[in-house]
Amino acid sequence: MSKPIGIEVSLAVAEAVGLCDVDVVAAYPITPQTHIVEHLSELVADGHLDADFVPVESEHTAMSACIGSSASGARTFTSTCSQGYALMSELCYIASALRLPIVMAVANRALSAPINIWNDHADLMYARDTGWIQLLSENGQEAVDMSILAFRIGEDPRVSFPVQVNLDGFTMSHVIEPIGIPDRKEIAKFLPPYRPKLRLDPEHPVTIGPVGMPDVYTEARKAQDEAFKATKPLIQEIFNAFAKQFGRQYKLVETYKTEDADTIIVAMGCVVQTAMTAVDNMRAKGKKVGIAHIRVFRPFPAAELIQAIKGAKNLILFDRVTSFAGGEISGPVAIEIKSALFDRKLSPKVGNFLVGLGGRDVTEQNLEEMVERVASAKNGDLPAYEFINVRE
Amino acid sequence: MAKETGIKSWKELNFGIAITTPGNAAELKTGDWRSMRPETDREKCTKCGQCYIFCPDMVYSKDAEGYYVQNYYWCKGCGICAKECPVDAITMIQEVD
């Protein structure tokens, strides 16, 4: 076990990516991801990391370069968020269809307008249908662990998909935390060299990314979907292997005090840590509240989540994004959970709350307010979603 | 399922939808895109080869008598050959199902 040191989370992520012996980094700096890219460029410039750093002119080019690099068999990393993610997004669908295990750290940030550089999950949700595996972290140690895991998961020949490591912008990316960074030898033991199933090689020419006309497009999508569906148990298997070596056990869905809970908060990202304190406070007042936190948003672990929340009478579902669906259906995270509940004929009382948008803090008081709101509402009284902590 | 790609099931697709047999574009049947078919009137044809030169899809090849004949497996019916023929020997004929 490596001794924790005080380090900014962004720098720790960059260090971990460097220790994973990445071959190519192609990225464009954007707040609040900047320190990750800056530090990687320093590591390369100072000779600490033997990698090609491609200082591209846009995120669109960053992902294009990553696709070429990964397709040639190089271990490839990029990082972005928000508007940068939006600009690169069209390439992200291609990276997953071509089964290229690129790793991307996303320092989650709101999308404009109004222009806002602060944290919410707009970019995470924007990315959800691109066919990437989406991992979430709740503190600096987890961001480092997920960065290492992302390469191992993505590059596993049974997986072979690109992986996003989500860390909340500023509230995580710019915070100094005690973090244990495994050394190069430990990481090398966990992360074998990348052996692509197929790569661009002049000796054995192949065409990647060809046109797929109506007679084959459906089959291509079906094949990709089947391969993606198969990743869920493999991710848990790799989490278990990580636990065996490093002692930190991750799960697709993790829980906090849910065993006897009649009220469960479902959350993702570092707000979970605030929710833990809120739950402790509420438990001290005799309220049976717990948390189910989603570690992997894609593939969506519906069975594991239902297992964690099926005993609850009241559910508090967070959405850290506005989805503008017209007001009659919930936000994106709540929609998925409600769909999973419906499929299993479960109908707890559900409150869906839009919180923590564009960097607004989610406080313990907010959480208690939501729990109270659902507890006191009659069935059928709760709207599809509501804003919390908004000035009326 | 399409004969052109030869794929009967999604399970047969290559990893990452890659094409591992380069140079196979000639196998792709583009002829079924066609709504008009070029036909050559040999009475008018001077065997000049303009149709062969202008065809964007290598449809024309020379036969034993020196005439340029169409391979309808690839012909998309674009009509460039009929437009370029200096003696108006090529007519576009409506395809009927």
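Before reading on, note that the structure itself is shown above.
Residues numbered from 1 in each chain as written. Chains lettered and ligands numbered in written order. Predicted model: local features only at pLDDT ≥ 70, side-chain atom pairs only at ≥ 80, totals over all residues. Heavy atoms only, no water.

Student: Looking at this model, I keep getting lost on a negative patch on the surface. Mind explaining?
Tutor: A grouping of Asp21, Asp23, Asp50 and Asp52 of chain A is seen on the molecular surface, where their side chains present a negatively charged patch. Residue classification places Asp52 of chain A among the exposed positions, given a relative accessible area of 52%. (Patch = residues over 30% accessible without salt bridge, like charges linked within 9 Å, V, L, I, M, F, W, Y side chains within 5 Å. Areas by Shrake-Rupley, 256 points an atom, 1.4 Å probe, with all protein chains shown as cover. Salt bridge = Lys/Arg side-chain N within 4 Å of Asp/Glu carboxyl O. Lys, Arg positive; Asp, Glu negative; His and termini not counted. Charge placed at Lys NZ, Arg CZ, Asp CG, Glu CD. Buried < 20%, exposed > 50% of the residue type's maximum accessible area, 1.4 Å probe, protein only.)

Student: I would appreciate a short explanation of the interface of chain A and chain B in the present structure.
Tutor: Bring the parts together and some accessible area is lost; that lost area is often taken as the interface size. Taken together, the contacts link 19 residues of chain A with 17 residues of chain B. Summed over both partners, the interface of chain A with chain B comes to about 1600 Å²; 78% of that surface belongs to carbon and sulfur atoms. The largest per-residue losses of area from chain A upon contact with chain B belong to Met213, Asp215 and Glu219 of chain A, which jointly make up 29% of the total buried on that side. Linking chain A with chain B are 0 salt bridges, by the criterion used here. The leading source of residues in the side of chain A that touches chain B is helix 8 (residues 217-229) of chain A, at 5 residues. (Contact = heavy atoms within 4.5 Å. Buried area = accessible area lost by both parts, 1.4 Å probe. Helix = DSSP H or I, 4+ residues; strand = E, 2+ residues; numbered from the N terminus.)

Student: Hey, could you run me through the pairing of strand 4 (residues 76-80) of chain A in this one?
Tutor: Consecutive residues of a regular strand have side chains that alternate between opposite faces of the sheet. All names here are of chain A. With 5 of 5 residues buried, strand 4 lies mostly within the body of the structure. Here strand 4 shows a buried face lined by Thr76, Thr78 and Thr80 and a second buried face lined by Phe77 and Ser79. With 2 bridges connecting them, strand 2 (residues 24-26) and strand 4 associate as parallel partners. Across the sheet, Val24 pairs through a bridge with Thr76, a residue of strand 4. (Pairing = 2+ DSSP bridges.)

Student: Would you take a moment to explain the sheet that holds strand 6 (residues 133-136) of chain A for this structure?
Tutor: Think of a sheet as strands paired side by side through backbone hydrogen bonds, with each pair either parallel or antiparallel. Residues and elements named next belong to chain A. As summarised here, the arrangement of the 7 strands in space is 3-2-4-5-7-6-12, forming an open sheet in which the pairing is mixed. Every interior strand has two partners, whereas the edge strands, strand 3 (52-54) and strand 12 (296-298), have only one. Between one strand and the next, the sheet's axes are offset by a mean angle of 20°, whatever the strand orientation. Sheet topology note: the strand 6/strand 12 ladder contains 2 bridges and is antiparallel. Paired with Leu135 across the bridge in strand 12 is Val296. Sheet strands in contact with helix 3 (residues 59-71) are strand 2, strand 4 and strand 5 (103-108), and its direction is about 165° off that of strand 4. (Axes fitted to C-alpha atoms, helices over the stretch in contact; angles between N-to-C directions.)

Student: Whenever I open this one, the packing of aromatic side chains confuses me. Can you help?
Tutor: Geometry of an aromatic ring pair is reported as the spacing of the ring centres plus the angle between the planes. Residue and element names in this part refer to chain A. With the rule as written, the count across this model stands at 11 aromatic pairs over all chains. Ring geometry for Phe77 and Phe151: centres 6.5 Å apart, planes at 40°, overall tilted. Of this pair, Phe77 sits in strand 4 while Phe151 sits in helix 6 (residues 140-155), and the two are 74 residues apart along the sequence. What makes Phe151 buried here is its relative accessible area of 0%. Considering the side-chain rings of Phe297 and Phe300, the 5.6 Å spacing of their centres and the 85° angle between planes classify their relative orientation as edge-to-face. When sorted by exposure, Phe297 lands in the same class as Phe300, which is buried. Here a set of aromatic residues connected by ring pairs shows up, and it is made of Phe190, Phe239, Phe242, Phe246 and Tyr250. Across from the ring centre of Phe297, 4.9 Å away, lies the NZ or CZ of Arg298, which sits over that ring. (Phe/Tyr/Trp six-rings, centres within 6.5 Å; stacked < 30°, edge-to-face > 60°. Lys NZ or Arg CZ within 6 Å of the ring centre and 35° of its normal.)

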